[in-house]
Amino acid sequence: MVACPHCGRPVEWTEISRWRPFCSERCRLIDLGDWIEENHRISDPTDAPSEDPPPSEDGPPHH
């Protein structure tokens, strides 16, 4: 048994469960729509902020 990713209902993980891991086509389509609208994203580790702070605009000019 797994929980439907959209509504949380229990879903039996068998061949009979046509929409697994979702409980129904409706929940599957809602989830797909969320991905299309970019409500869900897979994080990109290259977009992580660096540990060094950005240079300050108030500092001395670099030549």
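Let us look at the structure shown here. (Residues numbered from 1 in each chain as written. Predicted model: local features only at pLDDT ≥ 70, side-chain atom pairs only at ≥ 80, totals over all residues. Heavy atoms only, no water.)

Let's talk about the side chain of Asp 31
Relative to the assigned elements, Asp 31 resides in helix α1 (residues 25-36). Buried within the structure, Asp 31 lacks any salt-bridge partner; its nearest side chain of opposite charge belongs to Arg 28, at an N-O separation of 8.6 Å. (Helix = DSSP H or I, 4+ residues; strand = E, 2+ residues; numbered from the N terminus. Buried < 20%, exposed > 50% of the residue type's maximum accessible area, 1.4 Å probe, protein only. Lys, Arg positive; Asp, Glu negative; His and termini not counted. Salt bridge = Lys/Arg side-chain N within 4 Å of Asp/Glu carboxyl O.)

Overview of the pattern of salt bridges
If you walk through the whole model with that rule in mind, you get two salt bridges. A salt bridge links Glu 15 to Arg 20; its shortest N-O distance comes to 3.5 Å. Classification of Arg 20 by relative accessible area gives partly exposed; the value is 28%. For Glu 25, the salt bridge is made with Arg 28, and the minimal N-O distance between the two is 4.0 Å. Taken together, the positions of Glu 25 and Arg 28, both in helix α1 and three residues apart, correspond to about one turn of that helix. With a relative accessible area of 36%, Glu 25 lands in the partly exposed category.

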